[in-house]
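Per-entry structural report
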Amino acid sequence: MGAPLIGARVERKEDYRFLTGAGQYTDDVELPRQSYAVFVRSPHAHAILKKISLDQARKAPGFIAAYTGEDFAAAKLGGLPCGWLITDVNGQPMKEPPHPCLAQGKVRHVGDQVAIVIAETSAQARDAAELVAVDYKVLPAVVDGAKARAKGAPQLHDIAPDNTCYVWAIGDKAVADAAFAKAAHVTKLEFINNRLIPNAMEPRVANGAYSRADDSYTLYVASQNPHVERLLMTAFVMGLPEHKVRVVAGDVGGGFGSKIYLYAEDVAVTWAAKQVNRPVKWTSDRSEAFLTDAHGRDHHTVAELAMDKDGKFLAMRVKTTANVGAYLSTFASCVPTILYATLLAGQYKTPVIHCEVTAVFTNTTPVDAYRGAGRPEATYVVERLVETAAREMKLDPAEIRRRNFITEFPYQTPVALQYDIGDYNATMDAAQQLADVAGFSKRKEESVKKGKLRGLGYAAYIEACGIAPSAVAGSLGARAGLFEAGEVRVHPTGSVTVFTGSHSHGQGHETTFAQVVADRLGIGIDSVDIVHGDTSKVLFGMGTYGSRSIAVGGTAIVKALDKIVAKGKKIAAHLLEAAETDVVYDRGIYKVAGTDKQKTFGEVAFAAYVPHNYPHDKLEPGLNENAFYDPANFTFPAGTYVCEVEVDPETGVVKIDKFTAVDDFGKIINPMIVEGQVHGGLTQGIGQALTESCQYDATGQLLTGSFMDYCLPRATDVPFYQVDTRETPCTHNPLGVKGCGEAGAIGAPAALMNAITDALGVKDMPMPATPQAVWKVLNNKQAA
Amino acid sequence: MAVKVSLKVNGKSVVAEVEERTLLVTVIREHLRLTGTHVGCDTAQCGACTVSMNGRAVKSCSMLAMQAEGTEVMTIEGVAHADGTLHPMQAAFKEHHGLQCGFCTPGMVINAIDFAKHHPDPSEQEIREALEGNLCRCTGYHNIVKAIGAGARAMAASK
Ligand code: FES
Ligand code: FES
C-alpha cells in the first residue's frame, strides 16, 4: 500500500458534512413528539428563595409541565458530584457543599437554575417561563476571590466556613524558605490570572427522551465525554442503572473544557422526559451560556523566584487564591491544584518549589477546566517570573532559560511529575531562528522612528497531557479512572469500523485516528471509519480533555489493532499451511517469510467471517477486538513561543507583529490538524492576554454577558502565525505522541505579556492588555 | 397571529405559516429543517446564522421571517453543485483546513462567497476585515483567511 499515512497532511474526512450543512449537532436532533424546556434562572447573585409560583405559567398556551427544586428533592434526585477529592493541609477532605440541579432554598449566582418549564414549542416555553413568579430575599454577595475569606464576607454555604473549600499545598516550605534566605536575587510578582468564559460557538444543548416500552432513557447532549456524563448522571445523581441510559454526543461545536461537565440541565431534561413522557429539549442561548457554562482561570497569585548570582534558580514560592465560583463543578477542585502546582517546575531545574492554593466559593458561575486547565496559569507564573528575573538581573531572557533548562531525562521534578523526555534547547533554538530574534533591535529602531514601542517576549512552556495513569490519579484524589477504550471491528470484506472512547468536537479524530488505523493495517484510509460519541455504540470511554485523545485513546486503538493483526496471523498461518511464527504482517499482507505465499488482510478477514477453512479448534470466528489502555505516565509536550508586539503609546493599542510557536508534541500524525490546533490555542491564549475578561459588578451581576461586552478575538485581532515543531517521541506509548490541543492557550499569554511589558518598559501589566489598560499603565509610568 | 410567508429557499418555493415574531433562522431550521444554518448568539455578533438573500450575505437571526417575503434565500445546503461536488469556496476550506468543529463554517462559507464576488483577489487585510461579523473559536482564523483567499481566486478563475 502507498505512502505512510502517519505524518501526512490528509484532508479531513469530516469536512464534507460540515461544509455542506450535513453535520448533526445536538440542536439539530428533533425527536417525534418533541417538547421544549426553558429554565427560570436567578437574576440575583445571592438570595433566599421565598416562594415560587407556577400558577400563571400553567395557564400559558402550550404549557406542559414545570418543576422546581422541591419536585427534584421529592424525587430524591441527588446533587451534581465533584469528580476529584482534594485533601487539605490539615488532612481534611475539601468542603463539598450540595450542588442541586434546581436551587433548594437559596440561589448562589446569577443564572442559578430555579425551575424548568416545558411547553409545546420553544417560544411557548419561553413565554410560560416569563410567567413564573419567584419571590427572592436578596442577600449581599461576594464575587472577588481575594475578598471571599475576609471577615464579614457573605457566606455561601453552611458547611464551608469563610467560603473556603480547601487550603492545599505541595512542596517543602521550610526548604524553600531556607533557599530564599540564601538567594542573591529574588524576583517577585503579584497578578491576577483573569477569569475567562469559554464560548464554544455551539451553545450547550440537552435533549432527553424516555421510553416506557423498555424503561430506558436517551440523552442527546453537546458533551466532550458521553460515558463520563452517563456515569455521573446515573450512578451519582439519578440512581439509574447505566444499561438503561444511552448518552449520545454527536457533532459537537467546540468544547474547550466547557462541555466536559455534568450540568444541571442535562439531568433535568432527562428526568423530566419520563415525567411528561415526551422528549424534552433545552437549547442554551448565548446569554445563558455566559451565565452557566463553567468559566475558566480566576487566580490571584503572589509568586517569587530565588536565584544565585548567575541567575541559577534556587527555589520558587507561590501562593494562589483560586475562585471556584458558587459550587464545585465536576473537576473544579483538581484544576488549581493537581493540574496547576505540579507544572510549576516548567522546563527548569528549580530544585525546590512550594505552592499553597486556597480555593474559595463566591457568588459567581462555577469555574472549571478551560483549555489548558491549570497549566496556562502555571506557565504564566513561571514564565512571567523568569522573564522578569532576566530583566532585573540584566540577563538575556533566552540565556537565563538556557542556564536552567532540564537537559537530562527522565527528570523528577520537586512537584511530583516525572518528565520522560524533551529537548528544550532545540525548541528554543528553532523559535529564535524562526522569529528572527537577531533582527529584533533593527525592527525596534524602525518602530521608534515611527513613534511606536516594540517589545519581544518568550514563553517556554511545558504541560502534562495524556491524562492520566489511573492509579496515580486515584492516589491524588481522582474519583474516576482515566484510561481509554477502543474497539476495532473488521468487516468480512476487510473494511474497518473503529469505535473510540475519545470524542471529537473539532479536533478531527475521524481523520487522525483513521490515519493511524490505515497506516498500521496497511489498508486505504477510505476503508476506515471512526465512530465516537454514543454510549450505545462505543464500549466505554473517558472522553476528550487534557489533550489526551491521541496519547490515550489512540494507544487503546493501537492495542486493539495489535490484537487484530495477531489473530489475523493465526488465521493466515492456517490458510497458508505455515507455522504462525513464520508469518509476518507487512502493510496489508500476511506473508510466509522466505516464500511467495501470502494472503491479503481482506482475505484473512473474509476467512474469519466465512470460516469454511478455519482453525475452529483453536480460534473463534470473527475479527473484532477491544482494548483498554491505562497510560504509564503523563506526556510532556513543551515548546518555546516568541511574541513581538508594536504598541502605539498614543492609543494604547497593541499590535501583534509576529507570533512564533515551536512545539514538541512528539510524533505527529497529521501536521495540518496539529497546526490548526496550535493556531486555535494561540488565539485563545491571545484572547486571554489581549481582549477577554469576565467582569462582575460588586453585586454579582455579570457585566460581560454577551459578545458585545466580552471580546472574543476576531480575525483582525490576530496575525498569521509562524508555527513549527521539533520532535522527541514520547517514551511510553507506541505512537510516540504527546498531544497538542492546549499548548497554544498555555504558552501564549505569558509570551504576549512578556512582549508587552518589554515594549512598555514596565514590570507589571494586568491581563487583558486592552488599549485602555495599556494607556493607563503608560500614563502611570510617565507620572511616576 | 399566524402569517404566511412565501419565499424561495435553495431554488424551491416554500410557504411557511409563522407567528409575526418568528425569525428567519427559525423558519430555516425548524420549519424547513435545514439545520446547516446555526445559531451561535443572541446579539447578532457571531455570523453562524448567515445565509445568502438575493445574493447578499445576511444574518438570518436578525431578520423576521416576514421580512424575507418574496426573497430568494440560499443556505449552506444549497451551495454545493447538484451532484454533490463542493463549490470552490467549500473546497478551499477543506484544502486549507479552514474548519475544525464546523459550527461557524456555514456562515463563514456563505459570507466568504459573497465577499469573493466583489474581491476576486483579496489581500489578507481585506479578508480579515470581511470577517468582522463572523466569530470562530476553533481555528484562530489563520486557515480561514488562507481558505477565503484561495477560494476567491478559484472562484474568479472558474468564471
Ligand atoms: S446567530 Fe446570528 S449572528 Fe449569532
Ligand atoms: S470551526 Fe469551530 S467555531 Fe469555527
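What counts as what
- Residues numbered from 1 in each chain as written.
- Chains lettered and ligands numbered in written order.
- Predicted model: local features only at pLDDT ≥ 70, side-chain atom pairs only at ≥ 80, totals over all residues.
- Heavy atoms only, no water.
- Helix = DSSP H or I, 4+ residues; strand = E, 2+ residues; numbered from the N terminus.
- Rg over C-alpha atoms; globule rule 2.2 N^0.38 Å.
- Buried < 20%, exposed > 50% of the residue type's maximum accessible area, 1.4 Å probe, protein only.
- Contact = heavy atoms within 4.5 Å.
- Areas by Shrake-Rupley, 256 points an atom, 1.4 Å probe, with all protein chains shown as cover.
- Lys, Arg positive; Asp, Glu negative; His and termini not counted.
- Charge placed at Lys NZ, Arg CZ, Asp CG, Glu CD.
- Domains from an automatic or database assignment.
- Buried area = accessible area lost by both parts, 1.4 Å probe.
- Salt bridge = Lys/Arg side-chain N within 4 Å of Asp/Glu carboxyl O.

This paragraph deals with the overall build of chain B. From N to C terminus, chain B includes 5 helices and 5 strands. Helices (α) and strands (β) of chain B occur, in sequence order from the N terminus, as β-β-α-β-β-β-α-α-α-α. In terms of overall dimensions, chain B is globule-like: its C-alpha atoms have a radius of gyration of 15 Å, near the 15 Å expected for 159 residues. Structurally, chain B occupies a C-alpha span of about 50 × 30 × 25 Å along its principal axes. Residue burial in chain B is summarised as follows: out of 159 residues, 58% are buried. A sequence separation of at least 24 residues applies to 57% of the contacts in chain B between residues at least 6 apart. Put simply, chain B shows about 6300 Å² of open surface, and 52% of that area lies on carbon and sulfur atoms. Positive and negative side-chain charges of chain B, numbering 15 and 16 respectively, have mean locations separated by a distance of 4 Å.

Along its length, chain A carries 19 helices and 28 strands. Since a compact globule built from 784 residues should have a radius of gyration of about 28 Å, the 27 Å found for chain A is in line with a globular shape. Across the 784 residues of chain A, 65% fall into the buried class. Taking the intrachain contacts of chain A between residues at least 6 apart in sequence as the baseline, contacts between residues at least 24 apart amount to 81%. For chain A, the accessible surface area stands at approximately 26700 Å², while carbon and sulfur atoms represent 52% of it. Charge separation in chain A, taken as the distance between the mean sites of 78 positive and 88 negative side-chain charges, equals 3 Å.

Residues and elements named next belong to chain A. Relative to the helices and strands, glycine 78 is located in the loop between helix H3 (69–74) and strand S4 (106–107). Residue classification places glycine 78 among the partly exposed residues on the basis of a relative accessible area of 23%. Once you skip the residues sitting within four places of it in the chain, glycine 78 turns out to touch Cys101, Phe236 and Val237.

All names here are of chain B. Looking at chain B, the domain boundaries give domain 1 (2–77) and domain 2 (88–157). Taken together, the contact pairs 18 residues of domain 1 with 13 residues of domain 2. Summed over both partners, the interface of domain 1 with domain 2 comes to about 1200 Å²; 62% of that surface belongs to carbon and sulfur atoms. Our enumeration of links across domain 1 and domain 2 arrives at 0 salt bridges.

Time to look at unusual backbone geometry. Across the junction of Phe409(A) and Pro410(A), the peptide omega takes the value -5 degrees, indicating a cis bond. Following the sequence through the fold, Pro410(A) ends up in the loop between helix H10 (397–404) and strand S16 (411–412). Of note, the amide linkage connecting Met767(A) to Pro768(A) takes the cis form, showing an omega dihedral of -5 degrees. Residue position: Pro768(A) is located in the loop between helix H18 (743–760) and helix H19 (771–783). Its identity is not glycine, yet Asn277(A) carries a phi of approximately 55 degrees, on the positive side. Along the chain, Asn277(A) turns up in the loop between helix H7 (264–276) and strand S12 (280–283). Overall, Asn277(A) belongs to the partly exposed group, its relative accessible area being 22%. Backbone geometry places Ala44(B), a non-glycine residue, at a positive phi of 60 degrees.

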